[in-house]
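A closer look at the structure
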Amino acid sequence: MQRDLPPDAFPPPRRTPWLDWLLLAGGLAIIAAIWFIAPGGLLDKADHVGYAVCHQIPIRTPFFGGRPLPLCARCSGQFLGALAGLMLLIALGRGKAAQLPPRPVIVVLLGFMAAWALDGLNSYLTLFPGAPHLYQPHNILRTTTGAMQGVALISLVLPFFNVTLWARPSPRPTINSLREMTLLLGLIALITAAVGSQWVPLLYPLALLSVAGTLLMLTMVMAMLLTLALRRDGRAQGWRDALPLLVAGLALALILVLGINLLRAWLTAQMGLPF
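Now for a quick tour of the structure. What you are looking at is a predicted structure, and each value in this text was computed from that prediction instead of being measured. (Residues numbered from 1 in each chain as written. Predicted model: local features only at pLDDT ≥ 70, side-chain atom pairs only at ≥ 80, totals over all residues. Heavy atoms only, no water.)

**Some thoughts on the overall build of the chain**
Convention followed: For helices the rule is a DSSP run of H or I covering at least 4 residues; for strands it is a run of E covering at least 2, with both sets numbered from the N terminus onward. Values of the radius of gyration come from C-alpha atoms, whereas the globule rule sets the reference at 2.2 Å times the count of residues to the power 0.38. Buried, partly exposed and exposed residues are distinguished by accessible area as a fraction of the type maximum, computed with a 1.4 Å probe on protein chains only: under 20%, between the cut-offs, and over 50%, respectively. Contacts: residue pairs with any heavy atoms within 4.5 Å of one another. Using the Shrake-Rupley algorithm and a 1.4 Å probe, accessible areas are obtained, with residue cover drawn only from the displayed protein chains.
Per the secondary structure count, the chain includes eight helices and four strands. Of the regular secondary structure in the chain, the N- to C-terminal order runs α-α-β-β-α-β-α-α-β-α-α-α. On C-alpha atoms alone, the chain measures out to a radius of gyration of 20 Å, which is about the 19 Å that the 2.2 N^0.38 rule sets for 275 residues. Taken along the three principal axes of its C-alpha coordinates, the chain extends 65 × 45 × 35 Å. Out of the 275 residues in the chain, the part that is buried amounts to 46%. In the chain, of all internal contacts separated by at least 6 residues, the share reaching a separation of at least 24 is 79%. Of the accessible surface of the chain, which amounts to about 13,900 Å², a share of 73% is contributed by carbon and sulfur atoms.

**A short note on the packing of aromatic side chains**
As a reminder, the rule being used: By convention, a stacked pair of Phe, Tyr or Trp rings (six-membered ring in the case of Trp) has centres within 6.5 Å and planes under 30 degrees apart, an edge-to-face pair has planes over 60 apart, and any other such pair is tilted. Any Lys NZ or Arg CZ that is within 6 Å of a ring centre and within 35 degrees of that ring's normal is treated as a charge sitting over the ring.
Following the criterion strictly, the structure yields two aromatic pairs and no others. Judged by centre distance (5.2 Å) and plane angle (75°), the rings of Tyr 124 and Phe 128 are edge-to-face. Relative accessible area serves as the criterion here: at 45%, Tyr 124 is assigned to the partly exposed category. One Lys or Arg, Lys 45, reaches over the ring of Trp 35 and ends 4.8 Å from the middle of that ring. The ring of Tyr 51 carries the charged tip of Arg 264 above its face, separated from the ring centre by 3.9 Å.

**Quick word on the pattern of salt bridges**
This is how it is decided: Any carboxyl oxygen of Asp or Glu that lies within 4 Å of a side-chain nitrogen of Lys or Arg is treated as forming a salt bridge with it.
Evaluation of the coordinates by the stated rule reveals five salt bridges. Ionic pairing is found between Asp 20 and Arg 232, a salt bridge with its closest N-O pair at 2.7 Å. Of this pair, Asp 20 sits in helix H1 (residues 17–37) while Arg 232 sits in the loop between helix H7 (203–229) and helix H8 (239–271), and the two are 212 residues apart along the sequence. The exposure class of Asp 20 is buried, given its relative accessible area of 9%. In this structure Arg 232 comes out as buried when scored by relative accessible area, which is 14%. Residues Arg 67 and Asp 47 are paired through a salt bridge, measuring 2.6 Å at the closest nitrogen-oxygen approach.

In structure tokens form, the structure reads like this:
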């Protein structure tokens, strides 16, 4: 995925200070506005983010001291897995990795995603009385397969993000070998144990980190789309160039969350649909 060109083949980005300031100031203004219009305290605001991406069915959502997480067990695992996976890749020096993992690792990651899909389908079928299903679903399984999906997604999506954003991304894969996969398995086990513990002191950390993982993935997608729309792909030399795009990407992610919430609330109120 890394471009096989000499370093001097990458021209420096054309500076457009007014556009950078517009993206940065406009993005910060939107973020602040949405923060203040979202009702309630910190956990309530986290619930609003969860409402946009998760069904939040109580029986499928972990409770900590009588208070549910903003995301169900599967979504909590998924977005905690994505965030923890990114932190691990940064710690390994792969934050700007531009190569996909080797084929055997990709096969395992696709297996993670297949397990997530299979468990999700099996769990969905139990919503219909009498529908056949393979096994009785459980929140531990939902969290585990969700975390598997999360670490797989970040390992496969990060190279595309880096190639889109950076002028000189690192010519390394996100995951080097099957041996390194044990680190991801450790993250999955840790996430499953933390969410399954229902230990009250973990309520705020897990709630806020799972929502941070949600916004992370949405921001990456929005920042990539914005970068391509502005024809700035492969131009950022450093964080100074990337920051306006990332802030604007977060603002667009929050606008998307707000739009989905309003649509879901309207459908629920007006049509009685189970959204």
